[in-house]
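Spelled out, the chains give:
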Amino acid sequence: MTKIINGTSLPNMPWEDKPENYNGVVWRYSENPIIPRDLLKNSNSIFNSAVVPFEDGYAGVFRCDDTTRTMRIHMGKSKDGINWHINEDSIKLKASLGDEREFEHAYDPRVCNIDGKYYVTWCNGYHGPTIGVGYTEDFETLIQLENAFIPFNRNGVLFPRKINGKFAMLSRPSDNGHTPFGDIFYSESPDMEHWGHHRHVMSTSKNVLSWQKTKIGAGPIPIETDEGWLLIYHGVLTSCNGYVYSMGAAILDIDEPWKVKYRTNSYILSPQTAYECVGDVPNVAFPCATLADADTGRIAIYYGAADTVTALAFTTVDELVDFVKKDSSEGNIV
Ligand code: BMA
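Here's a quick rundown of the structure. Keep in mind the model is a prediction, meaning the values are calculated, not measured. (Residues numbered from 1 in each chain as written. Predicted model: local features only at pLDDT ≥ 70, side-chain atom pairs only at ≥ 80, totals over all residues. Heavy atoms only, no water.)

## Side note on the pattern of salt bridges
Keep this limit in mind: Any carboxyl oxygen of Asp or Glu within 4 Å of a side-chain nitrogen of Lys or Arg constitutes a salt bridge here. In DSSP terms, a helix is any run of H or I states spanning at least four residues, a strand is any run of E spanning at least two, and both are numbered starting from the N terminus. Note on classification: 1.4 Å probe, protein chains only; a residue is buried when its accessible area is under 20% of the maximum for its type, exposed when over 50%, partly exposed between these limits.
Evaluated as defined, the whole model comprises 13 salt bridges. Of the charged contacts, one joins Glu276 and Arg28 as a salt bridge, the two residues approaching to 2.8 Å between their closest N and O atoms. Of this pair, Glu276 sits in helix H1 (residues 274-277) while Arg28 sits in strand S1 (residues 27-28), and the two are 248 residues apart along the sequence. Comparing Glu276 with Arg28, the two get one shared label, buried.

Here's what the structure looks like:
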């Protein structure tokens, strides 16, 4: 049995048992999508969003593109993790601290609880995409910190505790467009401002037919287990009809997380339902958060579907870790 380490008890987190005769390791919530595109007065789409346990329920940061198609992030709260109240007003951000330049856009947030402070990372527009960082204690206001890196970078994902005494982050150096490449890297910081000691974690698959051939990026905050850090990530295939975004999983070494112990050859979920295949960007399943119950090992995965709505899927730490170990092969751990 794989155990979640340093986790919390979440007996009331969203959950549904695996449907009978279902073969996959990750199964979808039967009432998907949980957040419709038009929940806000002027939202075009609400997707690629991040949630955490907060007070007696849940809170989160949501990617809400508005009807001018500008990308903004908004805070929200929920009692049950399924029905959300998202603030109509977006989080007020700067492109960079001390820079009067007009703020461009923000998207794909992640939220990470480190010792009771909720750190938010997002893709921040500052002469191109880079990793914005801030924190909130109440999910009402965000204190913005310095951007972690210079452009171009996306998918900044923090670890939920210091590693070897340092804050730790995964990210994916990219370009200024729809990046046709991308590996996952590890960086550390003594103060959440200065990042260094960069290490390569994993590359795209060498297999030309793979779902993770074009680019990969960290998804939810890694889950600490007695087998290592359980990382759910996205992988992209270039089809004749454009990019296809699926989810995979890997297990990283606990003390040296740039070392990959196991990694799936197969996807754990790929866009197959109507809400994943039809929308503003078809064929996208983009995971940004999990809730995990340390007592039962249940995991709920929050993911953006077709860049339009937010959906939920389930697995357990035991089943997923077992799958990753069995589905891994030497040639794929690169
Ligand atoms: C990526 C990001 C994501 C998006 C994905 C698919 O580059 O922009 O926000 O979900 O493309 O469009």
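## Quick word on the site of the ligand
This is how the line gets drawn: Neighbouring residues are identified by heavy atoms, a residue being near a molecule or strand if any of them is within 4 Å of it. Whenever a nitrogen or oxygen atom comes within 3.5 Å of another N or O atom, the pair is scored as a polar contact, on the condition that within protein one atom can donate a hydrogen and the other can accept it, and that pairs from neighbouring residues in sequence are kept only if both atoms are in side chains. Accessible areas in this description were obtained via Shrake-Rupley with a 1.4 Å probe; residue shielding takes into account the shown protein chains only. Only Asp, Glu, Lys and Arg are considered charged in this grouping, and only Ala, Val, Leu, Ile, Met, Phe, Trp, Tyr, Cys and Pro are considered nonpolar; every other residue, Gly among them, is considered polar.
Taken together, Asn48, Arg63, Tyr107, Asp108, Tyr245, Val281, Val284, Phe286 and Asp307 form the complete shell of residues around the ligand. At 2.7 Å from an oxygen atom of the ligand is found a side-chain nitrogen or oxygen belonging to Arg63. Contact between the ligand and Asp108: an oxygen atom at 2.7 Å from a side-chain N or O atom of the residue. If the ligand stood free it would expose 310 Å²; the protein chains cover 85% of that surface. Residue classes in the shell around the ligand are distributed as five nonpolar, one polar and three charged.

## Quick notes on the packing of aromatic side chains
What counts, and what does not: By convention, a stacked pair of Phe, Tyr or Trp rings (six-membered ring in the case of Trp) has centres within 6.5 Å and planes under 30 degrees apart, an edge-to-face pair has planes over 60 apart, and any other such pair is tilted.
As enumerated under the stated definition, the model contains 16 aromatic pairs in all. Measuring from ring centre to ring centre gives 5.0 Å for Phe54 and Phe139, while their planes differ by 65 degrees; the resulting arrangement is edge-to-face. Here Phe54, found in strand S2 (residues 43-54), pairs with Phe139, found in the loop between strand S8 (129-136) and strand S9 (143-144); they are 85 residues apart in sequence, far enough to count as distant. Using a relative accessible area of 1% as the deciding quantity, one classes Phe139 as buried.

## Quick word on the nonpolar core
Note the threshold: What is meant by a nonpolar core is a set of buried Ala, Val, Leu, Ile, Met, Phe, Trp, Tyr and Cys residues, joined one to another through side-chain atoms within 4.5 Å. Residue contacts follow a heavy-atom distance rule, with two residues in contact if any of their heavy atoms lie within 4.5 Å.
In this structure, Trp84, Phe139 and Tyr302 are the most contacted members of the largest nonpolar core, which totals 38 residues. Going through the elements one at a time, S2, strand S3 (57-66), strand S4 (71-78), strand S6 (106-114), strand S7 (117-125), strand S19 (285-292), strand S20 (298-305) and strand S21 (309-316) are the ones with two or more residues in this core. Filtering out sequence-adjacent residues up to four positions away, Trp84 remains in contact with Ile34, Ile35, Leu39, Val51, Tyr58, Ala59, Gly60, Phe62, Gly76, Lys77, Ser78 and Tyr302.

## Concerning unusual backbone geometry
Cis rather than trans, the peptide bond between Asn32 and Pro33 has omega equal to -5 degrees. Checked against the element boundaries, Pro33 lands in the loop between S1 and S2. At the junction of Pro151 and Phe152, the peptide bond is cis and its omega measures out at 5 degrees in the coordinates. Of note, Phe152 is situated in the loop between S9 and strand S10 (153-158). One non-glycine residue, Asp108, lies in the positive phi region at around 50 degrees. Its location among the elements puts Asp108 in strand S6.

## Looking at the sheet that holds S21
Under the convention used in this document: DSSP bridges decide pairing: two strands pair if at least two such bridges lie between them. Here an axis means a line fitted to C-alpha atoms, over the contact stretch when the element is a helix, while the angle between two N-to-C directions is reported on a 0 to 180 degree scale.
Across the sheet, which stays open at both edges, the four strands sit in the order S1-S21-S20-S19 with antiparallel pairing between neighbours. Edge strands, defined here as strands with exactly one partner in the open sheet, are S1 and S19. The strands touched by helix H2 (residues 317-327) are S1, S20 and S21; relative to S21, the strand with the most contacts, the crossing angle is about 85 degrees.

## Some details on the sheet that holds S2
Read from one edge to the other, the open sheet built from four strands follows the order S2-S3-S4-S5, with strand pairing classed as antiparallel. At either margin of the open sheet sits one strand with a lone partner, and together these are S2 and strand S5 (85-86). Here S4 runs beside S5; their pairing, made up of two bridges, is antiparallel. Each bridged residue has a counterpart across the sheet, and for Gly76 the counterpart in S5 is Ile86.

## Section: the side chain of His234
Counting through the fold element by element, His234 comes out in strand S16 (residues 228-239). His234 has contacts with Asn155, Arg172, Trp211, Lys215, Ile216, Gly217, Ala218, Tyr245, Ser246, Phe286 and Pro287, leaving out every residue within four places of it along the chain.

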